[in-house]
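# Descriptive analysis of the structure
The lines below spell out each chain.
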Amino acid sequence: MRWQGRRKSQNIEDRRRLSGGKKAVSIGGLIIAAIMAFLMKDASYFTNAVSQQGGQTVSHNTNPQQDQVAEFTSVILANLEDTWGKIFNQAGLHFRQPKLVLYELKRMGASGDFAFAYVIAHEYGHHISNLIGTLPKVHRARQRLNQRDSNRLSILLELQADCFAGVWANYAGNQYQLLEPGDIQEGLQAAASVGDDALIGNRPEKFTHGTSQQRMQWLRAGMQSGNVGTCDTFKTAGFLHLLLAIAIENDYYLSQVD
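Attention here is on the structure that accompanies the text. Small disclaimer: the values here were computed from a predicted structure and weren't measured. (Residues numbered from 1 in each chain as written. Predicted model: local features only at pLDDT ≥ 70, side-chain atom pairs only at ≥ 80, totals over all residues. Heavy atoms only, no water.)

### A look at the pattern of salt bridges
Per the counting criterion, the structure on display carries 6 salt bridges. Here K8 ties to E71 by a salt bridge, and the two come within 3.6 Å at their closest N and O atoms. Note that K8 is positioned in the segment before β1 (12-14) and E71 in helix α2 (residues 64-90), a separation of 63 residues in sequence. The partly exposed category is assigned to E71, whose relative accessible area is 30%. Salt bridges here are not isolated pairs; linked through shared partners, they connect R7, E81 and D82. (Salt bridge = Lys/Arg side-chain N within 4 Å of Asp/Glu carboxyl O. Helix = DSSP H or I, 4+ residues; strand = E, 2+ residues; numbered from the N terminus. Buried < 20%, exposed > 50% of the residue type's maximum accessible area, 1.4 Å probe, protein only.)

### Here's the deal with the packing of aromatic side chains
Taken as a whole and assessed by the stated rule, the structure comprises 5 aromatic pairs. Taking the centre distance of 5.3 Å and the plane angle of 90° together, the rings of W3 and F72 count as edge-to-face. Here W3, found in the segment before β1, pairs with F72, found in helix α2; they are 69 residues apart in sequence, far enough to count as distant. Note on F72: relative accessible area 1%, which makes it buried. Taken together, the ring pairs in this structure connect W3, F72 and F116 into an aromatic cluster. (Phe/Tyr/Trp six-rings, centres within 6.5 Å; stacked < 30°, edge-to-face > 60°.)

### Concerning the state of the cysteines
Working definition of a disulfide: a covalent bond connecting the sulfur atoms of two cysteines. According to the stated counting rule, one finds 1 disulfide in the structure shown. Here C163 pairs with C231 through a disulfide, and the sulfurs are 2.1 Å apart. Between C163 and C231 the disulfide shows an S-S torsion of about -75°. By sign, it is left-handed. With C163 in helix α5 (residues 147-174) and C231 in the loop between α8 (212-225) and α9 (233-237), this pair connects stretches of sequence that are 68 residues apart. (Disulfide = S-S within 2.5 Å.)

### Concerning unusual backbone geometry
One non-glycine residue, Q177, adopts positive backbone phi at about 50°. Following the sequence through the fold, Q177 ends up in the loop between α5 and α6 (183-193). On the basis of relative accessible area, Q177 is assigned to the partly exposed category, the value being 43%.

### Thoughts on the nonpolar core
Of all hydrophobic cores here, the largest spans 51 residues; its most connected members are M1, I76, L80, W84, F114, Y118 and W168. Counting residues per element, the ones that place at least two in this core are α2, β6 (100-102), α3 (113-131), α5, α6 and α8. Counting 7 residues, the second largest nonpolar core, distinct from the first, contains L135, V138, A141 and F234. (Core = buried A, V, L, I, M, F, W, Y, C linked by side-chain atoms within 4.5 Å.)

In structure tokens, the structure reads:
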């Protein structure tokens with residue numbers, strides 16, 4: 001990715017020097033350490049450089065590797081802000097930027113920078129789902145459903161976040177020239193690597209995020225269209241009146257941010 005020298009977000013709270021032992025990145029309260037560690041193929045990606053002495057948090061200096069990851073994260077967050085701010089502004093809707101909290105980071109890892117950016121964009125996609133009203137509706141609906149149907153709703157929500165990540169990638173490549181050759185394939189491989197079947201095998205009754213094929217499909221759909229209206233995973237699912245009701249309720253919001 002061509003990320004060096006770009007604008008950095010001001011919506012970052014850097015707790016790397018005073019983290020109290022936490023090992024994660026949080027966007028609007030969403031913790032994404034586990035999926036990042038998996039994508040980076042290194043369980044030590046999130047390191048704890050903070051020790052406890054007498055119950056007090058001790059501050060340690062960061063190193064150049066941590067600073068580079070933090071800078072990269074800040075640039076990607078800034079581009080997400082620019083992209084979604086533009087989309088919402090064009091639709092005449094108010095856009096609220098979330099805050100990202102950095103804890104202890106170590107290095108980018110072998111999977112590449114766009115794999116990392118995809119994870120951030122996916123979690124940012126949940127923020128978009130929250131703004132358009134889908135996220136709270138799904139959470140309320142899941143409380144009234146059996147486990148199977150609750151999981152199916154969860155999958156549709158996660159696939160929508162993948163699609164929103166793809167919409168961002170379309171803007172990042174076509175309007176901001178952030179992407180380099182190979183980045184798209186890198187993102188699709190990252191999505192495939194966190195499919196439920198890749199993580200837990202052929203146990204569909206346990207799936208909550210979608211198969212590798214589904215995750216690649218919806219990420220690709222957003223990438224190719226650059227259109228939020230493409231990401232109505234609930235409407236295209238075609239099952240359960242409850243799901244269709246949620247989709248119909250959100251058609252207005254989705255059409256406003258096409």
